[in-house]
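If you want the building blocks of each chain, they are given just below.
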Amino acid sequence: MAAWTLDPAPRDPATHVEATHARTRRHLERLLEKPAGSEVRSPMTSQLYTRLTQPADPSRRTRIDYTVVESYTYTPRKPLRRVLDHALDHLNQIDQWQQWRRDGVVPTPTDGWVPSTVTLPEDRLPLTAADLDAWLWRIDQAMRLLVQRAAALGEEELDWLPPDGGWPLRRVLHHVARSEVLYAASFDEALPEDPAARYAEADTRLGQRLGAARARAGDPSIVFPDPYGTLFTPADVVAEVIALERELVGQTT
């Protein structure tokens, strides 16, 4: 997660969504090459999700038990479902947020998708070339519409804070872009299963990204959002990793 956060992203959120989809689409195309029935473990866990979405107020934060890891897997079809559903969900959110801001109409949850933590029977079906073409057509259209709607938003609309403390649309859009990487690259960038090898590979990727990120840290055209749209500096990312590892060691020794 830290290595992906250190990938420089366009500051403009609509451009970030568009550029990320253009890049991650190649990962989606390669899903056809994956063996039928294969599954890979996501680097995201329930514990990381809780940590990365904790409220800013320390008194409202949840204590996280890092000694029990709740993880989940991806199949070759599952990233396609998640990319499409996620784009549609947040495309709908733009309409809801605009009406909320303009007319005071509190949104009604419309989540009809199934999260990554759930694997549906259809997720394990073989992926054919015709299947992939149909999925990519739907995904491309959803992303095109999302980018168009995002590009039309003004600064006030992007940064409007909902009365319930929810995310502004700027954060939502950076979240959409980063999450597409999480879904689409689940096979191409999978980590080893062995815990020691998994940690070593993640550490190597973090070091490589950190060097590149530091070289661009002063560029005003880029930002470093995590998978949930929170903006970091390279130094912030390192501090977060160290803090997490300190907590983990403290709970297991």
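Residue positions are given per chain, counting from 1 as you read along its sequence in written order. With pLDDT at 70 or above as the cut-off, local features in this predicted model cover only qualifying residues; side-chain atom pairs require 80 or more to be listed or tallied, and sums for whole chains, interfaces and linings still use all residues. Excluded from the side-chain calculation are hydrogens and water; included are all heavy atoms of the structure.

Q: What should I look at first to understand the pattern of salt bridges in this one?
A: Should the charged atoms of two oppositely charged side chains come close, the side chains can pair. Think of a salt bridge as a Lys or Arg side-chain nitrogen and an Asp or Glu carboxyl oxygen that are within 4 Å of each other. Taken as a whole and judged by the stated rule, the model has 19 salt bridges. Across the pair Glu156 and Arg101 runs a salt bridge whose closest N-O atoms are separated by 3.0 Å. On the criterion of sequence distance, the pair formed by Glu156 in helix 6 (residues 155-159) and Arg101 in helix 4 (residues 78-103) is long-range, its members being 55 residues apart. For Arg101, a relative accessible area of 35% puts it in the partly exposed group. Between Arg102 and Asp103 there is a salt bridge; the shortest N-O distance is 3.3 Å. Type-normalised accessible area, obtained with a 1.4 Å probe on protein chains alone, sets the label of each residue: buried when under 20%, exposed when over 50%, and partly exposed for intermediate values. Take Arg102: its relative accessible area is 58%, and that puts it in the exposed class. We classify Asp103 as partly exposed; its relative accessible area is 45%. Strands are runs of DSSP state E lasting at least 2 residues, helices are runs of H or I lasting at least 4, and numbering of each runs from the N terminus.

Q: What is the right way to read the pairing of strand 3 (residues 71-74) from this model?
A: Every regular strand shows the same layout, with side chains that alternate between the two sheet faces. Going residue by residue along strand 3, you find Tyr72 and Tyr74 tucked away on one face and Ser71 and Thr73 left uncovered on the opposite face. What makes two strands pair is DSSP finding at least two bridges between them. The sheet contact formed by strand 2 (residues 40-45) and strand 3 spans three bridges and is antiparallel. Pairing of Thr45 across the sheet is with Ser71, part of strand 3.

Q: Quick question: what am I supposed to make of the sheet that holds strand 5 (residues 231-232) here?
A: By way of backbone hydrogen bonds, the strands of a sheet pair with one another, either parallel or antiparallel. Spatial strand order, 1-4-5: three strands in an open sheet with antiparallel pairing. Of all the strands in the sheet, the pair left with one neighbour each is strand 1 (9-10) and strand 5. As defined by bridge partners, strand 1 adjoins strand 4 (residues 222-225) across two bridges and the pair is classed as antiparallel. Residue pairing for strand 4: Pro10 is matched across the bridge by Ile222. Every residue pair with non-hydrogen atoms within 4.5 Å of one another is taken to be in contact. Each axis is a line fitted through C-alpha atoms, and for a helix only the stretch in contact is used; angles between axes span 0 to 180 degrees, taken between their N-to-C directions. Against the sheet, helix 7 (residues 169-184) contacts strand 1, strand 4 and strand 5, and its axis sits at roughly 70° relative to strand 4.

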